[in-house]
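# A closer look at the structure
Residue strings, one per chain:
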Amino acid sequence: MTKSVFRRFLFFSLAISLICLIIIGGILAFPVSRRISDYKRSSLEESALIVADYASDISYSSNSISGKELVIADSSFDSMAESMHAVIIVVDRNGILLYSSDKSMPRGVLKLSPSVMDKLQYGNYYEHGTLQNMYNKRYYISAVPYYQNIPHKTVMGYCLVAQTSLWTADYTPTIFGIILLIVVIVAILIFILLTVYAYNTTRPLKQMADAAKRFAVGDFESRGHIKSNDEIGELAAAFNEMADSLASSEGMRRNFIANVSHELKTPMTTIAGYIDGILDNTIPKEEQEYYLGIISQEVKRLNRLVTSMISLSKIDSGEITLKKSPFIIQNTVFNVLLSFEGDIEKKHLSIEGLDSDEDIKIYGDSDLIHQVLYNLVENAVKFTNDKGYIRFGFAQKDSRVYIYVENSGEGIPPEDIRLVFDKFYKADKSRSINKKSMGLGLYIVRSIILLHGGNIFVESEPENYTRFTFWIPDIPKKQKELPDTIKEEQ
């Protein structure tokens, strides 16, 4: 059987609590026992004083052979001994027994030991013992002197009151029973509280464990609903963030596979259909050149898709290493525009913003920046209206170089602005238009700009314009001077 955190926490807490209760009970038992002992001594001394007062009252002088002898009313002492549940002994000042409630001790025979007599000389006496082996078991013993007050106060002897140690049994079970009852009640309360606390503490962990198991089988909808502000609450919040990230990643993975499958399937189906038509002469020979041109375009489209996928893989895996160097950004723009010269002339587009005499130098990977501008210009050419414009802008400000590419046209719907840099984003959701687009260009653009330590954002006004602006850190001062090769190009 698997050991749960709940059981371990509960058992460990209970064990610690019980140990603490036992220690506390033991600590409490010591002063209680001491209190009982002090009470016993005080009670015995009071009883001994009562006996001594009575002995003093009934004593008188006798002219017998033995000299003065105390005369004791035996029946009165017997009654006192019975009421006190004690053994009463009266001895003279020489230690000879005058009276004993224990009838097995004959009068005139008992002789207290010299050491006891020495202690009695100093007044009141108390011990928990056998009175120098006079008893065969331990007693609580208190002894006080009694006096004859005529003609003056004279010690006539000593009264001893002895109670067996078993006398404490009348009180000990009650005291310790109360302590035990308190311990049991507290233990039950602790058990209930710890059970509730342990359950509430481990329940979120179990919820997250169950959710993690569902994640393993592809269910990313489960979440931990914990609102505490402690470490478990922080763990639950982190777990939910992880779940959101996993759900998002899973959605992106599925969309990625679906989009890639679609992008690959469409040109391959086109290519296969036209090739079969040419091979089986379904397509007449005079039209084969036209369809071979379409096949060539689809092959190039597949090549672009594979190239984009390779770039995407390198970017996501962090394999791209920037090879930075200073270069003039306008030169790169001119080279990119040459690639779209035919499309620009076909749509009668005007190119603006390149007539400035000031060259803007930037510091970056020229090949990757070329790809950024190529993708941005490709989009601009594609979506600019006939006889529209494509405008470029360059500026150096606050240790940054800003470049923007603006084009006239339909623009981007406001609800799609935040999506344009996502993988496989297309403004045309039905894919009925712009089938050459794969939706990876802008994602790659943003990734390259971020690799350079910059950023990119988009502005658009529907039915008017779209502007993509990006910036990268300005060229370091030590790189301000262009290499000779670049100077020659100017």
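Residues numbered from 1 in each chain as written. Predicted model: local features only at pLDDT ≥ 70, side-chain atom pairs only at ≥ 80, totals over all residues. Heavy atoms only, no water.

### Remarks on a nonpolar patch on the surface
Judged by side-chain polarity, Leu180, Val184, Ile188, Phe191, Ile192 and Val196 come together as a nonpolar surface patch covering roughly 530 Å² of accessible area. With respect to the helices, strands and loops of the structure, Val184 is situated in helix H4 (residues 172-216). (Patch = residues over 30% accessible without salt bridge, like charges linked within 9 Å, V, L, I, M, F, W, Y side chains within 5 Å. Areas by Shrake-Rupley, 256 points an atom, 1.4 Å probe, with all protein chains shown as cover. Salt bridge = Lys/Arg side-chain N within 4 Å of Asp/Glu carboxyl O. Helix = DSSP H or I, 4+ residues; strand = E, 2+ residues; numbered from the N terminus.)

### What about the sheet that holds strand E5 (residues 154-164)?
Across a sheet, paired strands are connected by hydrogen bonds in the backbone, their directions being either parallel or antiparallel. The strand order E2-E1-E5-E4-E3 describes an open sheet built from 5 strands, whose pairing is antiparallel. Since the sheet does not close on itself, it has two edges, and those belong to strand E2 (97-100) and strand E3 (125-129), each with one partner. Strand after strand, the sheet turns through a mean of 20 degrees between neighbouring axes, direction not considered. In this structure, strand E4 (residues 139-148) lies alongside E5, joined through 10 bridges in antiparallel fashion. Residue pairing for E5: Tyr140 is matched across the bridge by Gln163. Set on the sheet, helix H2 (residues 74-84) makes contact with strand E1 (87-92), E2 and E5; between it and E1 the angle comes to about 140 degrees. (Pairing = 2+ DSSP bridges. Axes fitted to C-alpha atoms, helices over the stretch in contact; angles between N-to-C directions. Contact = heavy atoms within 4.5 Å.)

### Describing a negative patch on the surface
Where like charges cluster on the molecular surface, the negative patch consists of Asp355, Asp357, Glu358 and Asp359. Relative to the assigned elements, Asp355 resides in the loop between strand E7 (350-352) and strand E8 (361-365). (Lys, Arg positive; Asp, Glu negative; His and termini not counted. Charge placed at Lys NZ, Arg CZ, Asp CG, Glu CD.)

### Things to note about unusual backbone geometry
Backbone phi values are negative for most residues with the exception of glycine, while trans is the configuration of most peptide bonds. The backbone of Lys387 shows a phi angle near 65 degrees, a positive value even though the residue is not glycine. Its relative accessible area of 69% is what places Lys387 among the exposed residues. (Buried < 20%, exposed > 50% of the residue type's maximum accessible area, 1.4 Å probe, protein only.)

### Quick look at the environment of Val333
Looking at where Val333 falls in the secondary structure, it is placed in helix H7 (residues 329-339). With residues up to four places along the chain from it excluded, the contact list for Val333 reads Leu354, Leu373, Phe392 and Phe394.

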